[in-house]
Amino acid sequence: MALAVELRQVVKHYRRGKEMVEVLSGLDLAVPEGEFLAIMGPSGSGKTTVLNLIGGLDRANSGSVTVCGERIDSLNGAGLARWRSRHVGFIFQFYNLMPGLSAERNVELPLLLTHLSRAERKAHVDIALEVVGLSDRRRHKPSELSGGQQQRIAIARALVADPTLLICDEPTGDLDRQTADEILVLLQTLNRRQGKTIVMVTHDQKAADYASRQVHVDKGMLIAPEDRP
Amino acid sequence: MLRGALTITLLNLAEIPKRIGASLVVVIGIAGVVGVLISVLAMADGFLNTMERTGRPDRAIVLRGGSNSELASTLARDATLAIMDGPGVKADDSGHAIASAEMVAIVELPLRQSGTAANVTLRGVGPAAFRLRPDIRIVAGRTFKPGLREVIVGKNAMTQFSGIDPGSRVALRDSEWTVVGVFDSDDSHGSEIMADVDTLSAAYRRTLFQSVTVLLDSPDRFDAFKSALEHDPRLSVEVVREPAYYARLSEQLGRILTFVAYTVGGIMALGALFGALNTMYSAVSSRSVEIATLRALGFGAGAILISVFTEAVLLSLLGAVIGAAAAWAFFNGNAVNSLGGNFTQVVFHLRVSAGLVATGILWAVVIGLLGGLFPALRAVRRPVVDALRGAV
């Protein structure tokens, strides 16, 4: 099966004051198309950095990052922004919805970067809201929705432009168990029925259990299951 | 990109009520800058406009050679007769030159508003003065009679100075003169007092005149008239087209007012600029996660830049409109007086023109753009991952 994500010998370090902190030390990772991958690891292990590199939000210091068939480590800022709008849907822990926009306008946001007409955008938004089961909440502002509903709107926003890859950063970290399970079932359904490749970072083992594969990151390296403490 | 920029701008504008205090700093600051700038420029504009209106291209004023103004000029009676006989001077039906040999003096009168004394031009005019200047109209009473100690006062002078209402008696030199009429004139003569030149000269014990103003057959006769007079060995005179003479008198004050407008406006603009910077920094900072989310979704730097600029410019424009409206409401058409070219007061009306409003708006836009520039750059330069975390 073709790879949706391929990281090779990726090194990433940050400057903290005068000190250089190496977060990833030659990390390799391959995610086949259609996989639901959970990346786990302790705080500061580098798992969010991996997610940011895959989503084109951050750049590696060395190594190659190939996502959806494109070497995104060689794209410039504008190219990377265009690439993200075409290929990636983001789901954040705190939903990151625009408080001033209604649910449907939030969902519509990625479509504003396309050439779709208003009617076409509305049709896409209707489908995305139906997928997440919130068609009846379309005119509500985020502050009028529960946490679970907000995350569903965020998922609809991530889906609406039909990206190949969904990037989820602790998508259930702010939700109670029951709501978290509903969200994870939704993600699992999107993976299984629509074939979306999903890369999810989580601390939560129960959340990770919804994924088709789990990897662990520790001290900037992927840890094989047999090496885990 | 424009659709994205529009969406982000609308988002930003929707958030303004939450930041109303900071946004008002920009609006009020810029309203102050534009209001002051327009008001002072309106003063310069009104003054220059009044002076520019004084004079017609087919009228020439003759002064003693080397004199900058009438007050510094003296012409003997025979010289004035030679000037009136110059080529191209228009004659009336009875063959008399339409020209006026004039005496100019300064009188001190109390200002109505403050009571302090200020200089007013007292002009002695010849019998042809009203044919020479048909724009001077008697609006109350009558004109003076030669041989009697009577004066007429300009309407603008009457509004600014006390003691010269019709029927009043004004002390000029050693005697009292009666105000018998009021005249209106859209130009600087409207700030003057006029009397018969021979009666006035006798009272002031003068034998010399200050200037001769002549009406020419046509504007293009000026060069011949000037050449003839300036080459006449009996005369030592300077011949100036009337509009050029008054433009020369107003040049310095106009320049000073314009300088003051731009200096004061510039200093205030600097303050408003810092206000705009502060507001836009706080606006960008309070929305850093939203901006980072939009960038993560694929909105480019251009859309973010445009949205921040647009917000800053819209706030500035609102300030400009308020400032311009305040300047117009409080000052447009107001009569003020200032020292003119003859060391006398010229009364003129402030003029808030469309051009000045455009200048104010241009300033506001520049302040808005500069005020938005650095916050906008900060918004797009900040790493998305840092902004998403809400890290500083």
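Residues numbered from 1 in each chain as written. Chains lettered and ligands numbered in written order. Predicted model: local features only at pLDDT ≥ 70, side-chain atom pairs only at ≥ 80, totals over all residues. Heavy atoms only, no water.

(A) View of the sheet that holds strand 8 (residues 197-201) of chain A. Residues and elements named next belong to chain A. Read from one edge of the open sheet, six strands run 6-7-8-3-9-10, paired in mixed fashion. Pairing within the sheet leaves two strands with one partner each, and these edge strands are strand 6 (88-91) and strand 10 (221-223). Strand-to-strand twist in this sheet, taken as the mean axis angle between neighbours without regard to direction, amounts to 25 degrees. The pairing of strand 6 with strand 7 (residues 165-169) spans four bridges and is parallel. Bridging across to strand 7, F90 finds its partner in I167. This element, helix 1 (residues 47-54), spans strand 3 (36-40), strand 7, strand 8 and strand 9 (213-218) of the sheet and lies at about 150 degrees to strand 7. (Pairing = 2+ DSSP bridges. Helix = DSSP H or I, 4+ residues; strand = E, 2+ residues; numbered from the N terminus. Axes fitted to C-alpha atoms, helices over the stretch in contact; angles between N-to-C directions. Contact = heavy atoms within 4.5 Å.)

(B) The arrangement of unusual backbone geometry in detail. Residue and element names in this part refer to chain A. For N96, which is not a glycine, the phi torsion comes out positive at approximately 50 degrees. Along the chain, the position of N96 falls in the loop between strand 6 and helix 3 (103-108). Residue classification places N96 among the buried residues on the basis of a relative accessible area of 11%. Of note in this structure, E170 is not a glycine but carries a positive phi near 45 degrees. As for its placement among the helices and strands, E170 is situated in the loop between strand 7 and helix 6 (177-194). (Buried < 20%, exposed > 50% of the residue type's maximum accessible area, 1.4 Å probe, protein only.)

(C) Inspection of the environment of A:K12 at higher detail. Residue and element names in this part refer to chain A. For K12, the location among the structural elements is in strand 1 (residues 3-16). Considering only alpha carbons, one finds K12 and L53, 41 residues apart in sequence, at a separation of 9.3 Å. The residues touching K12, leaving out its near neighbours within four places in the chain, are V21, E22, V23, L24, T49, D58, R59, A60 and N61. Only 3.2 Å separates the side chain of K12 from the side chain of D58, close enough to count as a polar contact. (Polar contact = N/O pair within 3.5 Å; in protein donor to acceptor, adjacent residues only side chain to side chain.)

(D) Here's a closer look at the sheet that holds strand 2 (residues 19-32) of chain A. Residue and element names in this part refer to chain A. Read across the sheet, four strands follow the order 2-1-4-5 without closing on themselves; strand pairing throughout is antiparallel. With partners counted over all chains shown, the strands left at the sheet margins are strand 2 and strand 5 (70-71), one partner each. As defined by bridge partners, strand 1 adjoins strand 4 (residues 62-67) across five bridges and the pair is classed as antiparallel. Looking across to strand 4, one finds that V5 is bridged to V67. Contacts from helix 1 reach strand 1, strand 2 and strand 4 within the one sheet, and its direction differs from that of strand 2 by about 60 degrees.

Any functional reading would require information beyond the geometric quantities listed.
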